[in-house]
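Overview (structure and organization)
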Amino acid sequence: MVRPATRTEVNVDTRTLWERPILSGLCSTSPIMQTTSMASSRTYCSASSRDSSSLCSASWLKEHLNQCKVLDATWYLPHMGRDPIEEFSTIGRIPGAQFFDLDGVARQDTDLPHMLPTEQGFAAAAAALGISPDDTVVVYDRQGIFSAPRAWWTWKVFGHEHVYVLDGGLPAWQEDVQGEVDMTPVSNRDDVEQATRACQDAMQRGTSWNAPPDASYPSCSLNTRLVASIDDVLERAVYGTDSIVVDARPAARFRGEAEEPRKGLAKGHMPNSKNIPWNAVLTESPSARFKSPDEIQQVFQSVGIDPKTTDFSNVIASCGSGTTACILVLAAQQMEKPMMPVYDGSWSEYGALPNVPVS
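Residues numbered from 1 in each chain as written. Predicted model: local features only at pLDDT ≥ 70, side-chain atom pairs only at ≥ 80, totals over all residues. Heavy atoms only, no water.

**Things to note about the overall build of the protein**
Counting its regular elements, the protein contains twelve helices and twelve strands. Of all 359 residues assigned to the protein, the portion counted as buried reaches 59%. Within the protein, counting contacts between residues at least 6 apart in sequence, those at least 24 apart form 80% of the total. Split by element, the accessible area of the protein, about 14,800 Å² in all, is 48% carbon and sulfur. (Helix = DSSP H or I, 4+ residues; strand = E, 2+ residues; numbered from the N terminus. Buried < 20%, exposed > 50% of the residue type's maximum accessible area, 1.4 Å probe, protein only. Contact = heavy atoms within 4.5 Å. Areas by Shrake-Rupley, 256 points an atom, 1.4 Å probe, with all protein chains shown as cover.)

Rendered as structure tokens:
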């Protein structure tokens, strides 16, 4: 196994929002291959909770491609009218990549978009992709940095230790290292959606589902520390002061000056929340990638969150549907902070509720 090079370990406050026992992950630590990025001065780090950037560079991936499981986690907002599965199948992909559908590997018993699947559903999806708990997984998207962090967070939530986001995504793969793109058409859409089918089948069976004896991913456990519910948000951040909600939606939506892309949602934001638009922690498109840790620190400080004194396990990330919130979680990882919990329902849930305060 290989992992991107690690920084010197730092001590961080690991206190969490809720007094709940953490459910153990699945992977043990493996030897680290020291590798530096050729594309920038950034050091790409291991995914340890104490020592992490959770990013890898295009040059690192090119060197270790045959030792990683690569997932295309492209997802688009509904109004964009683009089909990520169709693009994966016809426009091309990183060689060996498989498709990880955020809408498919998700609960289907709710109107809320891409809510986390059950433990059985995730394990079945991972096994369908031929991934095992100790594999090094690299996720990317076609926009640079947009939806891949949500896939990264999903794998982390279910205990997969060695999962990374390709900084700059497919554009960086093509621009930085002139990486090969597999243009072979995938004529059978079912071949692309194997993880989705496995996930849905397992969730329909519920607790009666058991992984086959030869399954590469026999089981997993949800880390409840990394997921916030509507009750957590209301109790601790809206009506209480124990936590802060950081909203990754664009500023105009946060202020209630722009319509939400999903119909029927209130305009505005949760009282007491802060606004860091998701692209504020990234460089400019078309190959958006994360800013330096010092620049990210300045972004958080600009809204009154001082990374030097704030316990990030008490900062809840939110957005429109739980996708771009994960960009802020990954940004905090660049500052070597503990993972922030994500409000999975985000504004898709909160903005649809009739009796909650809106500012």
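What follows continues from the structure just given.
**Quick notes on the pairing of strand E9 (residues 244-247)**
Note: E9 against strand E11 (residues 315-318), four bridges, orientation parallel. Bridged to aspartate 247 within E11 is serine 318. Inspection of the sheet shows E9 paired to strand E10 (residues 274-275) by two bridges, in the parallel sense. Each residue of the ladder has a partner; that of aspartate 247, found in E10, is asparagine 275. (Pairing = 2+ DSSP bridges.)

**Quick look at the layout of surface pockets**
Of the volumes computed, that of the second largest pocket is approximately 280 Å³. Residues of the lining of the second largest pocket, tallied by class, amount to ten nonpolar, three polar and four charged. (1 Å grid on protein atoms, 1.4 Å probe; cavity = no way out; pocket = protein on both sides within 12 Å on 5 of 7 lines; lining within 4 Å. Points joined across faces, edges and corners; volume = space filled by probe spheres on them. Nonpolar A, V, L, I, M, F, W, Y, C, P; charged D, E, K, R; others polar.)

**Quick look at helix H8 (residues 230-238)**
Summarising burial for H8: seven of the nine residues are buried, a large majority. Looking at H8, one finds that the buried residues are Ile230, Asp232, Val233, Leu234, Arg236, Ala237 and Val238. Where the residues of H8 are buried, they touch strand E8 (227-228), E9, E11, strand E12 (342-343) and helix H12 (346-350).

**Overview of the confidence of the model for the protein**
When pLDDT is averaged along the protein, the result is 86, and 86% of the positions lie at 70 or above. Counting contacts from residues 6-41, a segment whose pLDDT is below 50, to residues more than four positions away or on other chains yields 98 contacts. A low-confidence stretch, residues 43-52 (pLDDT under 50), is modelled with 50 contacts involving residues beyond four sequence positions or located in other chains. (pLDDT = per-residue confidence, 0-100.)

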